[in-house]
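Coordinate analysis (summary)
Below, each chain spelled out in residue letters.
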Amino acid sequence: MGTGNMERKRLKIIANPVSGRGLARKIIPRLREELAARGFETELFLTDKRGAARASAAAADGYAAFVCVGGDGTISEVINGIDLDRDVPIAVVPAGTGNVLAKELKIPRHIGRLSEIVARGSTVSIDVGVDAVQGRRFCMMASAGFDSAVVHQFSIARKGTMHMWQYLLWGMKVVESYAMQPIRVEVDGKVVEKKAGYVLVSNVRSYGGPLTFLPQADPHDGLFDIFVIRRRRKRDL
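All of these numbers come straight from a predicted model, not from anything done at the bench. (Residues numbered from 1 in each chain as written. Predicted model: local features only at pLDDT ≥ 70, side-chain atom pairs only at ≥ 80, totals over all residues. Heavy atoms only, no water.)

Here we come to a positive patch on the surface. Taken together, the side chains of Arg184, Lys194, Lys195 and Arg232 present a region of like positive charge at the surface. In this structure Lys194 comes out as exposed when scored by relative accessible area, which is 62%. (Patch = residues over 30% accessible without salt bridge, like charges linked within 9 Å, V, L, I, M, F, W, Y side chains within 5 Å. Areas by Shrake-Rupley, 256 points an atom, 1.4 Å probe, with all protein chains shown as cover. Salt bridge = Lys/Arg side-chain N within 4 Å of Asp/Glu carboxyl O. Lys, Arg positive; Asp, Glu negative; His and termini not counted. Charge placed at Lys NZ, Arg CZ, Asp CG, Glu CD. Buried < 20%, exposed > 50% of the residue type's maximum accessible area, 1.4 Å probe, protein only.)

What follows covers the confidence of the model for the protein. Interpretation of this model should avoid reading the predicted coordinates in detail wherever pLDDT is low. Averaged over every residue, the pLDDT of the protein is 87; the share at 70 or more is 90%. Between the elements of the protein, mean pLDDT differs from a low of 68, seen in helix α7 (residues 164–177), to a high of 97, seen in strand β2 (residues 41–46). (pLDDT = per-residue confidence, 0-100. Helix = DSSP H or I, 4+ residues; strand = E, 2+ residues; numbered from the N terminus.)

Time to look at the side chain of Glu77. Here Glu77 shows up in helix α3 (residues 72–81). Buried within the structure, Glu77 lacks any salt-bridge partner; Arg50 is the closest side chain of opposite charge, at an N-O distance of 5.9 Å. One polar contact links the side chain of Glu77 to the main-chain amide nitrogen of Ala53, over a distance of 3.1 Å. Residues in contact with Glu77, not counting those within four places in the same chain, are Arg50, Gly51, Ala52, Ala53 and Arg54. (Polar contact = N/O pair within 3.5 Å; in protein donor to acceptor, adjacent residues only side chain to side chain. Contact = heavy atoms within 4.5 Å.)

Below, the discussion takes up the sheet that holds strand β3 (residues 65–70). Across a sheet, strands are paired by hydrogen bonds formed along the backbone, either parallel or antiparallel in direction. Strand order across the open sheet formed by 4 strands is β2-β1-β3-β4, with parallel pairing between neighbours. Each edge of the sheet is formed by a strand with only one pairing partner; in this case those strands are β2 and β4 (90–94). On average, adjacent strands in this sheet sit at an angle of 20° to one another, irrespective of strand direction. The pairing of strand β1 (residues 10–15) with β2 spans 6 bridges and is parallel. Residue Ala15 lies in a different strand from β2, and its bridge partner there is Leu46. (Pairing = 2+ DSSP bridges. Axes fitted to C-alpha atoms, helices over the stretch in contact; angles between N-to-C directions.)

Here we take up helix α1 (residues 19–37). When the terminal C-alpha atoms of α1 are compared, their 25 Å separation across 19 residues agrees well with the 27 Å that a helix rising 1.5 Å per residue should span. At Ile28, α1 shows its maximal kink, close to 35°; a proline, Pro29, follows between one and four residues later. Listed as buried for α1 are Ser19, Gly22, Ala24, Ile27, Ile28, Leu31, Glu34 and Leu35. The inward-facing, buried residues of α1 contact β1, β2, β3, α3, β4 and α5 (111–120). Gly39 occupies a position one or two residues after α1 and carries a positive phi of about 90°. (Expected span 1.5 Å × (residues − 1). Bend = angle between axes of the 7 residues up to and from the residue.)

This next bit is on the packing of aromatic side chains. Each aromatic ring pair is specified by the distance between its two centres and by the angle formed by the two planes. Tallying each qualifying case throughout the model produces 4 aromatic pairs. When the centroid spacing of 5.3 Å and the interplanar angle of 35° are considered together, the rings of Phe138 and Phe224 count as tilted. With Phe138 in strand β6 (residues 137–138) and Phe224 in the loop between β12 (211–212) and β13 (225–229), the pair connects residues that are 86 residues apart, well separated along the chain. Using a relative accessible area of 14% as the deciding quantity, one classes Phe138 as buried. Residue class for Phe224 comes out partly exposed when judged on its relative accessible area of 32%. A ring pair is formed by Tyr198 and Phe227, whose centres lie 6.2 Å apart and whose planes are at 70°; its orientation type is edge-to-face. Linking Tyr198 in strand β10 (residues 198–202) with Phe227 in strand β13, this pair joins segments that are 29 residues apart in sequence. For Tyr198, a relative accessible area of 4% translates into the label buried. (Phe/Tyr/Trp six-rings, centres within 6.5 Å; stacked < 30°, edge-to-face > 60°.)

Below is the structure:
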């Protein structure tokens, strides 16, 4: 992400040690070795709570790039912590459960190949959205409706590592008590739906795992794709 260069050799590694059921912690030593072999000095920060990655990225200064080790949640925090105007690139090391962005950008898992990409300074620019109410950025997706309630409840209860099946479990729990709310959808100044049941604004094709809701989405095209469920009955959802 970004168009920065690697002339300065200091890298900030921000890693979630519990991502991928501990995979992130396991690959960090090899990652640092590979980067050091290519002339980089690395500073490691391990997250210990929600918001830690964002705070670390916001406080960091003087680095050629950030190296984000973890899942999509860790990437989201780093995106919200950095100063986008400074044009410092982010290297993504996929070590989470879903790794939606890494799959979309076809980022390899092989540490040596990843380190070589960093050393070459190979970058691509992707679109970033902003929630105008809270100011939160997103580079993958934002939604309103049932799945937002599921993710919210799951994030409150989550402790430690996670598995994909837990989303299904929490979906079954939340659907019992969830009350469908009408959602007004406005696109480019035009109201396209006054009482939708669910809305997904996405920069990527994959929703997660095997689910593909927006097959034509492209994170490089300057546009967001929108998926709307108009009906508001639970069985339709």
